[in-house]
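# Chains, contacts and geometry: an overview
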Amino acid sequence: IHLTLSFSNFCFSLFVCHFDDPLHKAALLTPPQNITILSTNMKHFLIWSPVPEIAPGEVVKYSVEFQGEYERDYANDSWIPIAECTGVSVTQCDITEDISATVPYNLRVRASTGTQASLWATLNGFFNRVTTSLIPPMLTVTTDGYHLLAELEHLGPAFEFWIFYWKKGPEPTVMVRESTTTVHLKTMEAGAEYCVKAQTFVEAINRSSNFSEVQCVKSEVILLTFAPLFLVIFFVAVLVLPFLAWKTCRICQYSFCPDEVLPDTLSSMSQHKPCYTACMIGSSLAPTG
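Residues numbered from 1 in each chain as written. Predicted model: local features only at pLDDT ≥ 70, side-chain atom pairs only at ≥ 80, totals over all residues. Heavy atoms only, no water.

The next point concerns the side chain of Glu65. On the secondary structure map, Glu65 appears in strand E3 (residues 61–67). A polar atom in the side chain of Glu65 sits 2.7 Å from the side chain of Arg108. (Helix = DSSP H or I, 4+ residues; strand = E, 2+ residues; numbered from the N terminus. Polar contact = N/O pair within 3.5 Å; in protein donor to acceptor, adjacent residues only side chain to side chain.)

This is the structure:
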């Protein structure tokens, strides 16, 4: 009888411990499913499917941890919580800042509500940022007078741009490597057409994207050809024409009204009449024959 009671108490204890075990409570909440990573242009996001609520009105929150090569090999297989993705209600996490090396990473996520938490659900396989999808950059080609300019979208400090441009014809293609988003490529020839394309390059993963679509522009013929002529005409109008007008007036003055010494008898008359009167008198007094 004593053995029977002891066995019954043991079974009862196991029953109570089973239902009071935190791991059992954790199993009541379903772990997150469909854990995947979306990575484009070195921006990495961990996403998963939402966990159903156990009771109406309960808010399910999620926490994410990562494990790099160092944690696996040198830190006792430890995991590091991502502060921005601890106790969040959304079903995605921006892990870009935490994926800081080109090594395999493992990630896991669990759900919690109230005092209950699910088991950790781990990403199926490792993630390495070298697998990110590199999208061709957005390129805008413009002209500023006779300057050929390329404008590219800002993608972050990890990106460089390889820009290729060429003049339509037999001339070879020129490549420019830049990290800025606005680039002066060339001083264009009058009437020539130039084409440009670009791709991104990430040195950290030693990969480049595909090329953007080719864009072509033509230089402005009128401004480049006739602007110097307009400038010359302007200077002629401002400087030369006033000088010619003054010179013409001087010639006319000496031709029609020359400076002559009048006789004493006519000097009194010249004080009351203009110079053309003196010219007429002088001509009438000139001997004929």
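We now examine the sheet that holds strand E5 (residues 92–94). Across a sheet, paired strands are connected by hydrogen bonds in the backbone, their directions being either parallel or antiparallel. Taken together, three strands build an open sheet; the order of strands is E1-E2-E5 and the sheet is antiparallel. One side of each edge strand has no neighbouring strand; the edge strands of this open sheet are strand E1 (33–40) and E5. Mean inter-strand twist for the sheet, computed between neighbouring axes without regard to direction, equals 15 degrees. Relative to strand E2 (residues 43–49), E1 is paired through six bridges, and the arrangement is antiparallel. (Pairing = 2+ DSSP bridges. Axes fitted to C-alpha atoms, helices over the stretch in contact; angles between N-to-C directions.)

Before going further, it helps to examine the state of the cysteines. Every disulfide links exactly two cysteines, by a covalent bond between their sulfur atoms. The full count for this structure, using the stated rule, is two disulfides. Paired through a disulfide, Cys85 and Cys93 show a sulfur-sulfur distance of 2.0 Å. Where Cys85 bonds to Cys93 through sulfur, the torsion about that S-S bond is close to 95 degrees, and the disulfide is right-handed. A single burial state applies to Cys85 and to Cys93, both of which are buried. One disulfide in the model links Cys195 with Cys216; its S-S distance is 2.0 Å. Across the disulfide from Cys195 to Cys216, rotation about the S-S bond amounts to roughly 105 degrees, and the bridge is consequently right-handed. (Disulfide = S-S within 2.5 Å. Buried < 20%, exposed > 50% of the residue type's maximum accessible area, 1.4 Å probe, protein only.)

Another point: the sheet that holds strand E13 (residues 182–187). The sheet built from three strands is open, its strands ordered E9-E10-E13 with antiparallel pairing. Across the chains shown, the open sheet's two edge strands, defined by having one partner strand only, are strand E9 (139–144) and E13. Between one strand axis and the next, the sheet turns by 25 degrees as a mean value, whatever way the strands run.

Along the chain, Thr86 turns up in strand E4 (residues 80–88). C-alpha of Thr86 to C-alpha of Val109: the two residues are 23 residues apart in sequence and 9.5 Å apart in space. Other than its neighbours up to four places away in sequence, Thr86 contacts Tyr62, Ser63 and Pro81. At 2.8 Å, the side chain of Thr86 and the backbone oxygen of Ile82 are in polar contact. (Contact = heavy atoms within 4.5 Å.)

A separate point is the packing of aromatic side chains. Inspection of every chain in the model, using the stated rule, returns five aromatic pairs. With 6.2 Å between their ring centres and 50 degrees between their planes, Phe66 and Tyr105 make a pair best called tilted. Linking Phe66 in strand E3 with Tyr105 in the loop between E5 and strand E6 (106–113), this pair joins segments that are 39 residues apart in sequence. Residue classification places Tyr105 among the buried residues on the basis of a relative accessible area of 5%. Ring geometry for Tyr70 versus Tyr74: centroids 5.7 Å apart, planes at 35 degrees, classification tilted. Remark: Tyr74 and Tyr70 occur in helix H3 (residues 69–74); sequence separation between them is four residues, near one turn of the helix. (Phe/Tyr/Trp six-rings, centres within 6.5 Å; stacked < 30°, edge-to-face > 60°.)

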